[in-house]
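These are the residues of each chain, in order.
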Amino acid sequence: MKVTAAILISVVWIFTPANSLADAGESGAEIDLAGPWGDSAYNFSLKVSKSLFKTINLFRRKRGLKPFEGHEVLGMLSGSYSSDMITGDFFGHFAPDGRTLRDRLIEVNATDFEEVAELLWHDRDEYLDWRYQEVVRSAVSDWLNSSEGHRENLLDPNLRHAGVGTAIRNGRIVVTMILAK
């Protein structure tokens, strides 16, 4: 399996983990918080994930490429990893415990992909316009203008499956998008 990582300072299959919305605490209580995003962090995260998926597919279609097909496992992994980054207060393709995308795929027995790529994006209150359309615009724009391989991954005709996951906590938003062939 070829793993492509592109680092940047994620309805079809979308996953927004409930514990990414929880207030600090060990129980991981499912608390849907209001904030600058509106009354529901869950609904906002879901809107961001759906709109991001749709926007990326429109971008691909305009360039003569087939749209990504949503993939349940990739969506769950994306949402889970966004949640891990939010609750673990880190950002990057390598978790503090050393786990990589490959490790996370193996953990859920998703080893049948020939090629995978992971795109990450995050932002904070002080820099963020919390209107969901602006969050999506910012994430997509950053990926497409990145010199780190994001654009190439999004336009790779061999990558046909995708999952998106968004997590919000304490004024921070993290989006993970996993692409696969």
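Everything here concerns the structure above.
Residues numbered from 1 in each chain as written. Predicted model: local features only at pLDDT ≥ 70, side-chain atom pairs only at ≥ 80, totals over all residues. Heavy atoms only, no water.

### Re helix α1 (residues 41-62)
Working step 1: Between its first and last C-alpha, α1 extends 31 Å over 22 residues, near the 32 Å set by a 1.5 Å rise per residue.
Working step 2: Trailing α1 by a residue or two, glycine 64 shows a phi angle of about 80 degrees, which is positive. (Helix = DSSP H or I, 4+ residues; strand = E, 2+ residues; numbered from the N terminus. Expected span 1.5 Å × (residues − 1).)

### A few points about helix α4 (residues 132-144)
An α-helical segment advances 3.6 residues per turn. Residues three or four places apart therefore align on the same side.
Working step 1: Look at α4: 18 Å from first C-alpha to last across 13 residues, which is about the 18 Å you get at 1.5 Å a residue.
Working step 2: Where α4 is buried, its residues meet α1, β4 (115-124), α5 (150-154) and β6 (172-180). (Contact = heavy atoms within 4.5 Å.)

### Regarding the pairing of β6
Working step 1: Within β6, nine of the nine residues are buried, which leaves the element mostly enclosed by the surrounding structure.
Working step 2: A two-sided burial pattern is seen for β6, the buried positions comprising Arg172, Val174, Thr176, Ile178 and Ala180 on one face and Ile173, Val175, Met177 and Leu179 on the other.
Working step 3: Pairing of β4 with β6 involves nine bridges; the strand directions are antiparallel. Within the sheet, the bridge partner assigned to leucine 120 lies in β6 and is threonine 176.
Working step 4: Sheet topology note: the strand β5 (residues 161-169)/β6 ladder contains nine bridges and is antiparallel. Bridge pairing in β6 places threonine 166 opposite valine 175. (Buried < 20%, exposed > 50% of the residue type's maximum accessible area, 1.4 Å probe, protein only. Pairing = 2+ DSSP bridges.)

### Side note on the packing of aromatic side chains
Each aromatic ring pair is summarised here by two numbers: the centre-to-centre distance and the angle between the ring planes.
Working step 1: Tallying each qualifying case throughout the model produces three aromatic pairs.
Working step 2: Where phenylalanine 44 meets tryptophan 130, the ring centres are 5.7 Å apart and the plane angle is 55 degrees; that geometry is what we call tilted. Placement of the pair is phenylalanine 44 in helix α1 and tryptophan 130 in the loop between β4 and α4, with a sequence separation of 86 residues.
Working step 3: Accessibility expressed as a relative area gives 4% for phenylalanine 44, which makes it buried. (Phe/Tyr/Trp six-rings, centres within 6.5 Å; stacked < 30°, edge-to-face > 60°.)

### Concerning the nonpolar core
Working step 1: Core analysis: the biggest nonpolar cluster contains 29 residues, and Leu52, Phe68, Trp143, Leu154, Ile173, Met177 and Leu179 have the highest contact counts within it.
Working step 2: Broken down by element, the residue count for this core peaks at seven residues, all from α1.
Working step 3: Leucine 52 has contacts with Val136, Ala139, Val140, Trp143, Val164, Val175 and Met177, leaving out every residue within four places of it along the chain.
Working step 4: Grouped together as the second largest cluster of nonpolar side chains are nine residues, Leu77, Leu105, Phe113 and Ile178 included. (Core = buried A, V, L, I, M, F, W, Y, C linked by side-chain atoms within 4.5 Å.)

### Side note on the pairing of β5
Working step 1: β5 sits mainly inside the fold: eight of its nine residues count as buried.
Working step 2: Summarising the sheet, strand β3 (residues 69-70) and β5 pair through two bridges and their orientation is parallel. If you follow glutamate 69 over to β5, its bridge partner there is histidine 161.
Working step 3: What sits between β5 and β6 in their antiparallel hairpin is a turn of two residues, with asparagine 170 showing a positive phi close to 50 degrees.

### Overview of the pattern of salt bridges
Working step 1: By the definition in use, this model includes nine salt bridges.
Working step 2: Across the pair arginine 172 and aspartate 89 runs a salt bridge whose closest N-O atoms are separated by 3.8 Å. Taken together, the residues span a long stretch of sequence, with arginine 172 in strand β6 and aspartate 89 in the loop between α2 (72-88) and α3 (101-107) at a distance of 83 residues.
Working step 3: Among the ionic pairs, arginine 104 bridges to glutamate 118, the shortest N-O distance being 2.8 Å. Placement of arginine 104 in helix α3 and of glutamate 118 in strand β4 is noted, with a sequence separation of 14 residues between them. Each member of the pair, arginine 104 as well as glutamate 118, is classed as buried. (Salt bridge = Lys/Arg side-chain N within 4 Å of Asp/Glu carboxyl O.)

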